[in-house]
There are 2 protein chains.
Amino acid sequence: MGVDPGLVATGFGVLEASPGGVTIVDAGTITTAAAQPLEARLNALYRAIHRTVELQAPGLLVVEDLYTEYRFPRTAILMGHARGVIYLAARQLGVTILALSPAEVKRAVTGNGAAGKPQMQRAVQTVLGLKELPRPSHVADALGLAMTGLARLTGRLPVGRPIVTAAPADGSHRPHSRAAVARRPGS
Amino acid sequence: MGVDPGLVATGFGVLEASPGGVTIVDAGTITTAAAQPLEARLNALYRAIHRTVELQAPGLLVVEDLYTEYRFPRTAILMGHARGVIYLAARQLGVTILALSPAEVKRAVTGNGAAGKPQMQRAVQTVLGLKELPRPSHVADALGLAMTGLARLTGRLPVGRPIVTAAPADGSHRPHSRAAVARRPGS
């Protein structure tokens, strides 16, 4: 499971590898309402991510590592708040966390450690055999993280394998009332 | 209750106002081990702060507001992780959060919005009638936040009132195994 943390929108993508190929089990974004107080937004994000991690029980949760230069320090600190509750949920559920540098993920997925967002989206689309571009870019980033984590586990990217994309496995998995969970795996 | 969030050390201070004066009900620092993975440190901090907030049931949790310029962006983002799980714990326990700017707290406590840490420590010592300087500065900052929050609630700082400092009310309130909670209210 890859997660791209953000207070406004957190992208997530869950991949499952089998001899027959790689399946997108679940993917989407968790958004919180800017009109809500910070603590309500964090609580909504925490509950949504906790529920998804609990439901999907991933073998690994892959998150973008921190880097040193952020263009918008305040946004980065708010992202830190979001990342904090995501780490907490994963820890509480006993899921191992792997933090990967953005450059490593971009290099693994696109071959270019300095790839831009559109390049990442196209590469994720190609590798996973999606009919459409994964949108928004948070979802593409989360799927890229999940792909790179899968490559770490299996020794190679799931490139060229037959791909099956599945709808969310559990229809009872509803968005939390205060956090909107939108699923757009791009296919 | 005032909280000065940090991943390495979070300061907290709980004040209680009564007709007889202001009591420090509890104060100290929650530290996490740098050798632990980030998720373990956040979990330890979350559990320690959750337990303290649950035990003390404060009427208000006062936290330093974010500002725009941070000298050490990476440290600030890690502080954001810590602040995120603190906000989550308070929200889960139904405690109202008040974020105050550092300048407002310094002005309320010392009369100088640009006061340094030693000046804050001395002012907190004087106002609360402590025998020693509150140490480390995280505890002084947390007590300063609590004092300013109390002033917001009551209309004035608890200056000049007779002060009673109490030991932690509940001996069963032990440090969590993975987070060290040290209580040094400075008296």
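What counts, and where the lines are drawn
- Residues numbered from 1 in each chain as written.
- Chains lettered and ligands numbered in written order.
- Predicted model: local features only at pLDDT ≥ 70, side-chain atom pairs only at ≥ 80, totals over all residues.
- Helix = DSSP H or I, 4+ residues; strand = E, 2+ residues; numbered from the N terminus.
- Buried ≥ 20, exposed ≤ 12 C-beta atoms within 10 Å, placed from the backbone.
- Contact = placed C-beta atoms within 7 Å.
- Nonpolar A, V, L, I, M, F, W, Y, C, P; charged D, E, K, R; others polar.
- Least-squares fit on C-alpha atoms with pLDDT ≥ 70 in both.
- Expected span 1.5 Å × (residues − 1).
- Axes fitted to C-alpha atoms, helices over the stretch in contact; angles between N-to-C directions.
- Parallel < 35°, antiparallel > 145°, perpendicular 65-115°, else oblique.
- Pairing = 2+ DSSP bridges.
- Left-handed = near helix turned anticlockwise from the far one by under 90°.
- Core = buried A, V, L, I, M, F, W, Y, C linked by C-beta atoms within 7 Å.

Enquirer: Residue-level account of the overall build of chain A, with values.
Expert: Scanning chain A for helices and strands turns up five helices and seven strands. In sequence order, chain A lays out its α and β elements as β-β-β-α-β-α-β-α-α-α-β-β. Of all 187 residues assigned to chain A, the portion counted as buried reaches 48%. Contacts in chain A between residues at least 24 apart in sequence constitute 70% of all its contacts with a sequence separation of at least 6.

Enquirer: A description of the interface of chain B and chain A should follow, citing residues and the corresponding values.
Expert: How big an interface is tends to be reported as the loss of accessible area on association of its parts. Taken together, the 26 residues of chain B in the interface contact 26 residues of chain A. Elements represented by at least two residues in the side of chain B that touches chain A include exactly helix H1 (38-56) and helix H2 (73-92) of chain B. A class-by-class count of the residues in the side of chain B that touches chain A yields 16 nonpolar, six polar and four charged.

Enquirer: Give a description of the relation of the copies chain B and chain A that names residues and reports values.
Expert: Mapping between the two chain copies consists of a rotation about an axis together with a translation along that axis. By a simple turn and slide, chain B fits onto chain A: the slide is 0.0 Å along the axis, the RMSD is 0.0 Å, and the turn is 180 degrees. The two molecules are tied by a two-fold rotation axis, judged by turn and shift. A high fraction, 100%, of the interface residues of chain B reappear at the interface in chain A, so the copies pair face to face through one surface.

Enquirer: Lay out H2(B) in plain terms, naming residues and giving numbers.
Expert: All names here are of chain B. The end-to-end C-alpha separation of H2 is 28 Å, in line with the 28 Å expected for 20 residues at 1.5 Å each. Of all 20 residues in H2, 16 are buried, a share of seventy percent or more. Gly94 occupies a position one or two residues after H2 and carries a positive phi of about 75 degrees.

Enquirer: I'd like a rundown of the packing of helix H3 (residues 102-110) of chain A against helix H5 (residues 137-154) of chain A, residues and numbers included.
Expert: Residues and elements named next belong to chain A. Look at H3 against H5: their axes get within 9 Å of each other, and the N-to-C directions meet at 80 degrees. On the basis of the axis angle, H3 is roughly perpendicular to H5. Only Gly144, Leu145, Met147, Thr148 and Ala151 of H5 make contact with H3, whose side of the interface consists of Glu104, Val105, Ala108 and Val109. Looking at the contact of H3 with H5, its residues break down into six nonpolar, two polar and one charged.

Enquirer: Can you explain the environment of B:Ala48? Please cite residues and give values.
Expert: Inspection of the secondary structure assignment puts B:Ala48 in helix H1. Distance in space between the C-alpha atoms of B:Ala48 and B:Ala114 is 31 Å, their sequence separation being 66 residues.

Enquirer: How would you explain the pairing of strand E2 (residues 9-18) of chain A if you had to name every residue and give the values?
Expert: The buried fraction of E2(A) is high, at seven of 10 residues. Once strand E1 (residues 2-4) of chain A ends, the chain turns through four residues before running back antiparallel as E2(A).

Enquirer: Outline the packing of helix H2 (residues 73-92) of chain A against H2(B), listing residues and values.
Expert: Contact pair H2(A) / H2(B): the axes reach a minimum separation of 7 Å and the direction vectors enclose 50 degrees. Classed by the angle they form, the pair H2(A) and H2(B) counts as oblique. The handedness of the crossing between H2(A) and H2(B) comes out as right-handed. Contact residues: A:Pro73, A:Ala76, A:Ile77, A:Leu78, A:Gly80, A:His81, A:Ala82, A:Arg83, A:Gly84, A:Val85, A:Tyr87 and A:Leu88 in H2(A); B:Pro73, B:Ala76, B:Ile77, B:Leu78, B:Gly80, B:His81, B:Ala82, B:Arg83, B:Gly84, B:Val85, B:Tyr87 and B:Leu88 in H2(B). Its residues assigned to classes, the contact of H2(A) with H2(B) shows 16 nonpolar, six polar and two charged.

Enquirer: Please provide a residue-by-residue account of the nonpolar core, values included.
Expert: Residues A:Val85, A:Ala146, B:Val85 and B:Ala146 are the most contacted members of the largest nonpolar core, which totals 102 residues. Filtering out sequence-adjacent residues up to four positions away, B:Val85 remains in contact with A:Gly84, A:Val85, A:Leu88, B:Leu42, B:Leu45 and B:Tyr46.

Enquirer: If you had to explain unusual backbone geometry to someone new, which residues and values would you point to?
Expert: All names here are of chain A. Geometrically, the link from Arg135 to Pro136 is a cis peptide bond, its omega value of -10 degrees lying close to zero. Within the element layout of this structure, Pro136 appears in the loop between helix H4 (117-128) and H5. Positive phi is not limited to glycine here, since Ala57 has a value of about 45 degrees. Its location among the elements puts Ala57 in the loop between helix H1 (38-56) and strand E4 (61-64).

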